[in-house]
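Single-letter residue listing:
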Amino acid sequence: MSSDNMFGNNVTKNIESTLQEDRLFPPPDGFAAAANIKKTTLAELQQQAKQDYEGFWANLAHQELNWQHAFSATLDSSNAPHFRWFYDGQLNASYNCLDRHLASRGDKTAIIFEGEKGDTQQLSYRQLHTKVCQFANGLKSIGIKKGDRVVIYLPMVPEAAIAMLACARIGAIHSVVFGGFSAESLKDRIEDAGAVCVITADGGHRGGKIIELKAATDKALANGCQTINHVIVLQRSHHDVAIDTQRDIWWHTLVENQTEHCEPEWVNSEHPLFLLYTSGSTGKPKGIQHSTAGYLLNAIVTMKWVFDIKDDDIYWCTADVGWVTGHTYVTYGPLAVGSTLLMYEGAPIIPDAGRFWKICQDHKVSIFYTAPTAIRALMKQGDQHPNRYDLSSIRLLGTVGEPINPEAWMWYHTVIGKKHCPIVDTWWQTETGANMIAPVPGAMATKPGSCTLALPGIDADIVDEAGNLITAPNQGGYLVIKKPWPSMLRTIWNDDQRYIDTYWGKFEGKYYLAGDSARRDDQGYFWIMGRIDDVLNVSGHRLGTMEVESALVAHPDVAEAAVVGKPDDIKGEGIFAFVVLKGQRPENGIDDMLTQELRTWVGEQIGAIAKPDAIRYADNLPKTRSGKIMRRLLRTIAKGEKITQDTSTLENEAILEQLQGKS
Ligand code: WT7
C-alpha cells in the first residue's frame, strides 16, 4: 500500500460521518452515582499514572492479585522490547480465579451455562474449583507438566474454562483453537506450539448441527503432530466417534478417581499463561504469548473500570473462548473478580433471532458484551425479537472487534439498552490482552462510533509516517502505544524476530505499533479507521489476506490468487478473491461450480469464516512493473466503484476489463 493518502481518504469519509454524528451521551445519573469509578476517581487514576507510571501499576498489582511471593521489581526494560512486569513475584492464575474466592463467595454461582438445545447448568465457585482441581490432577496423571503446551479445541461449554484453568493450575501453557477452525488449521497450531495434548469433545452444538471436533482432531493428527501423546475427549454431543485406545482418553474417565485437592504450581509472573494464534500479514498465524501476572492484572482492572463489575451482576460476554475476548472477558477477567458469568454454546439465531434476548431475560443478565457484526445481524431481523423479552435487568452494554457504525450503536442504545444503559466500545487486540481504549462508563460521555479515551496507565497516541505525534484534531495516523503495559504480549511463540519486526520495527523500538489507523477528534476521542496492513476484519475476526491466498493457491487448479476485503453490511468486511487458474479462464470470468469448490476448499484449509464471498477469474492479476499486486485497485474493483487511481504503472492495463467482470 502506498502511503500517499493512506489516511487522507478515510479521514475525509470519517469526518463526514461524524459531522452528522455529534451526539454525546453522558452517563445516566443513576449509573454515574453508583459506578465503581466516578469522574473524580478517574481523574485521580489518570493523574497517578501520569506522575508515577510504575508506581501506579505496582500499587494495582499488589492490591488486585494474590501473590504467593510478592514482587519487588515492577518493570524491567533492560532487554526492550522484551519487557518484564513484576518479574520476581510468584502466583498462580487459577488460584486468583478460584481459591481466593472460596471463603467469601464459595457458594456464589461462577458459571451459568445454557446449551443451544436449552439445557442449563450452574456451577458455584466451590464446584468449579473442585472440577478444575480434579481435571488438573488428571492432566498430571498423564504426565503433563509445567511449561508443556496443551491445545484446547472445545465447544463453548464450562469444560472449556475448566480446561484453561486446570492448565494454569499446573503451569501448562494452553493454546485454545476456535472450534470453527478446520483440521488443517488445528494441525498448524499444534505443530507450531509443539503441543503434547489436545483436549477436545466428541462434538459441539451450533446452528442446529453437530460440530465434529473429534473427527477434525483425528484428521489433524493423522499426518503430523508428532509431539501429541494424548487426546482427552469430552462427551458432549454423545454421538459415535472413533476412539484410539492408545492415545485417546474420555474426560470423565480421566477425572474419575482424582482427588479434589490440587496444590497450585506457583509460577513466576512472566511464566506464559497461554498462546493464542492470530492472523498477521503473512500466510502464517502468530502464536501470541501472554504472561501470567501482567495479563491477569489488566483483565481485572478493566472488569472493574470498563465493565463496572459489581458483586450482584450477571455478566455475559458472547465471545467464543477461541478468541482473546473469550480468554479475558469470558474466563479470566470475570472469574478473577469473582463475578457470575454466563456462557452460551450455540448460535444467536436458534431457534430464532430472539435467542440472545431470551437468555438475557431468563438469566437476568445485567452486563452484555458482544460484537458489532452480531448487533447488525440481529438489528436486521427486526425490533419484534428484543421487544418480546424483558430486558430490564441490563444496565451496561459493550461492543468489541471493529468500529461500530453509528446506526447500529443507536439501535443497541435504544432498542436493547432502552436509552438508560451506557455502551462501552472497547478497542483492544489479541496482543494487548485487555481493553486499552474504552469508556469508563460512569465517568464520561460516549459518542456513537468512538472507543473514546485510553484507560488510565495506557499511553495511546497517533503518529505520522516519521513517528511524529499528531496533535491536530481529525488527522489520521498510526495508532501506537508509547509505554509498555502489564498485559502486553511478550513475544511470538517460535518467532521472536517477527515479534520485534511486526510491533517494534516501524518506529525503531520507540512505540508499539498496533496495526490500526486512527484519528482523534477535538475532544481527544479516538476513532479507529481500520487496519493498515493486509489484515481483514471479517465479523470481528482477524484474517490475513495472505492466509486465504495461500489456501487458494494450494488448490491444484489455482495458479495465483489475490484477496481483498469488501465492505459488508453485516460482517463488516467480506472476502473478494481474484483468481488466475492454471488452465483456461472460464467464460466471462465466472464459474459457479468451481467457485463452490474453492469456497469449500478454503473452508477446509482454514475454517468457514475464511470462505470467499465472491471469486472472479482473470488471466492475470494487476501488477506494477516491479511485480507487486495492486491491492488498492483490487479493492476498488471489488467494491464495484469507478477506478480513479493512476493505472499507468500497471503492467497490463487490458486486464482491468476482465477484473471488473466486463469481458
Ligand atoms: C483488531 C484486533 C480484541 C478482541 C477482538 C478482536 C479491531 C477491535 C475494536 C473497536 C474498532 C476494533 C482493530 C484491532 N478492533 N476492537 N472497539 N473499534 N476496531 O481481536 O482479532 O486481535 O483484532 O480488531 O482493528 O486491531 P483481534
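A.B. asks: Looking at this structure, I do not really get the overall build of the protein. What am I missing?
C.D. replies: When its secondary structure is counted, the protein shows 21 helices and 30 strands. Relative to the compact-globule value of 26 Å for 663 residues, the protein shows a C-alpha radius of gyration of 24 Å, a close match. In terms of overall dimensions, the protein has a C-alpha envelope of 75 × 60 × 60 Å along the principal axes. Taking the contacts inside the protein whose residues are at least 6 apart along the sequence as the reference set, 72% of them involve residues at least 24 apart. For the protein, the computed accessible surface area is about 25,100 Å², with 48% contributed by carbon and sulfur atoms. Put simply, the protein has 65 plus and 79 minus side-chain charges, and the middle of one group is 2 Å from the middle of the other.

A.B. asks: How should I be thinking about the side chain of D313 in this particular structure?
C.D. replies: Among the secondary structure elements, D313 is positioned in the loop between α11 (293-305) and β16 (314-317). Side-chain polar atoms of D313 contact the side chain of R395, separated by 2.8 Å. When residues no more than four places from it in sequence are discounted, the contact partners of D313 are D308, T340, S366, I367 and R395.

A.B. asks: Whenever I open this one, the nonpolar core confuses me. Can you help?
C.D. replies: Looking at soluble globular proteins, one finds that nonpolar side chains tend to be buried together. Formed by 170 residues in total, the largest nonpolar core has its most connected members in F135, I199 and Y332. It is helix α7 (residues 158-170) that provides the largest number of residues to this core, a total of 10 residues. Contact partners of I199, with chain neighbours within four places excluded, come to F135, L139, V150, V151, I152, Y153, L154, A163, I232 and W251. Counting residues in each nonpolar core, the second largest holds 30 residues, with L342, M379, I416 and C421 among its members.

A.B. asks: It is not clear to me how helix α8 (residues 183-193) should be interpreted in this structure. Could you clarify?
C.D. replies: An α-helical turn contains 3.6 residues, so a residue and the one three or four places further along point in the same direction. Extensive coverage of α8 is indicated by the burial of eight of its 11 residues. If you check which residues of α8 are buried, you get A183, S185, L186, K187, R189, I190, D192 and A193. On its buried face, α8 is in contact with β6 (149-153), β8 (197-201), α9 (213-222), β14 (274-278) and α19 (592-605). Where α8 terminates, the next one or two residues include G194, which has phi positive at roughly 60 degrees.

A.B. asks: Quick question: what am I supposed to make of the pattern of salt bridges here?
C.D. replies: Two side chains with opposite charge may pair up if their charged atoms get near one another. Using the criterion set out here, one finds 35 salt bridges in the structure. Two residues, R395 and D313, come together in a salt bridge whose shortest N-O distance is 2.8 Å. Of this pair, R395 sits in the loop between α15 (384-387) and β19 (396-399) while D313 sits in the loop between α11 and β16, placing them 82 residues apart in sequence. Judged by relative accessible area, which is 3%, D313 ranks as buried.

A.B. asks: How should the sheet that holds strand β30 (residues 614-617) be read in this particular structure?
C.D. replies: Where strands meet in a sheet, backbone hydrogen bonds hold them as pairs that are either parallel or antiparallel. What the three strands build is an open sheet, ordered β28-β29-β30; its pairing is mixed. What marks the edges here is a single partner per strand, and that holds for β28 (558-568) and β30. Ignoring strand direction, the axes of neighbouring strands in this sheet form an average angle of 25 degrees. Two elements, strand β29 (residues 572-581) and β30, share four bridges in a ladder whose sense is parallel.

A.B. asks: Even after reading the chapter, I still don't get the pairing of strand β21 (residues 460-463), so can you show me in this structure?
C.D. replies: On a regular strand, one side chain projects to one face of the sheet and the next to the other, so that they alternate. Burial of the side chains of β21 extends over both faces: A460 and I462 are buried on one face and D461 and V463 on the other. Examined bridge by bridge, β21 and strand β22 (residues 477-481) share four bridges and lie antiparallel to one another. Within the sheet, the bridge partner assigned to D461 lies in β22 and is V480.

A.B. asks: What is the right way to look at the site of the ligand in this model?
C.D. replies: Contacts to the ligand come from 18 residues, most closely from D425, T426, T430, D516 and R542. Within the backbone of G401, an N or O atom sits 3.1 Å from a nitrogen atom of the ligand. At 2.5 Å, a side-chain N or O of T430 approaches an oxygen atom of the ligand. Protein contacts shield 95% of the accessible area of the ligand, which totals 560 Å² for the unbound molecule. Only α12 (324-336) and β25 (526-531) provide two or more residues apiece to the shell around the ligand. Class assignment of the residues belonging to the shell around the ligand gives a composition of six nonpolar, seven polar and five charged.

A.B. asks: Explanation requested: the sheet that holds strand β24 (residues 512-520) in the structure shown.
C.D. replies: The antiparallel open sheet is built from four strands, whose spatial order is β21-β22-β24-β25. One side of each edge strand has no neighbouring strand; the edge strands of this open sheet are β21 and β25. Pairs of neighbouring strands in the sheet enclose a mean axial angle of 45 degrees, with direction left out of account.

A.B. asks: Where do I start with the environment of D22 in this structure?
C.D. replies: Along the polypeptide, D22 turns up in the loop between α1 (8-19) and α2 (29-34). Among the residues examined, D22 registers a relative accessible area of 62% and is labelled exposed. Separated by 425 residues in sequence, D22 and K447 have C-alpha atoms that sit 7.5 Å apart.

A.B. asks: Looking at this model, I keep getting lost on α11. Mind explaining?
C.D. replies: Taking 1.5 Å as the rise per residue, α11 with 13 residues should run 18 Å; its terminal C-alpha atoms sit 18 Å apart, in good agreement. Of all 13 residues that make up α11, 12 are buried, and the element is covered over most of its length. Along α11, the residues classified as buried are A293, G294, Y295, L296, L297, N298, A299, I300, V301, T302, M303 and W305.

A.B. asks: How do you make sense of the confidence of the model for the protein when you look at a structure like this?
C.D. replies: Across the protein, pLDDT averages 94, with 97% of residues at or above 70. In the model, residues 1-5 has pLDDT below 50 throughout and makes eight contacts with residues more than four positions away in sequence or in other chains.

Rules used in this analysis
Residues numbered from 1 in each chain as written. Predicted model: local features only at pLDDT ≥ 70, side-chain atom pairs only at ≥ 80, totals over all residues. Heavy atoms only, no water. Helix = DSSP H or I, 4+ residues; strand = E, 2+ residues; numbered from the N terminus. Rg over C-alpha atoms; globule rule 2.2 N^0.38 Å. Contact = heavy atoms within 4.5 Å. Areas by Shrake-Rupley, 256 points an atom, 1.4 Å probe, with all protein chains shown as cover. Lys, Arg positive; Asp, Glu negative; His and termini not counted. Charge placed at Lys NZ, Arg CZ, Asp CG, Glu CD. Polar contact = N/O pair within 3.5 Å; in protein donor to acceptor, adjacent residues only side chain to side chain. Core = buried A, V, L, I, M, F, W, Y, C linked by side-chain atoms within 4.5 Å. Buried < 20%, exposed > 50% of the residue type's maximum accessible area, 1.4 Å probe, protein only. Salt bridge = Lys/Arg side-chain N within 4 Å of Asp/Glu carboxyl O. Pairing = 2+ DSSP bridges. Axes fitted to C-alpha atoms, helices over the stretch in contact; angles between N-to-C directions. Near = heavy atom within 4 Å. Nonpolar A, V, L, I, M, F, W, Y, C, P; charged D, E, K, R; others polar. Expected span 1.5 Å × (residues − 1). pLDDT = per-residue confidence, 0-100.

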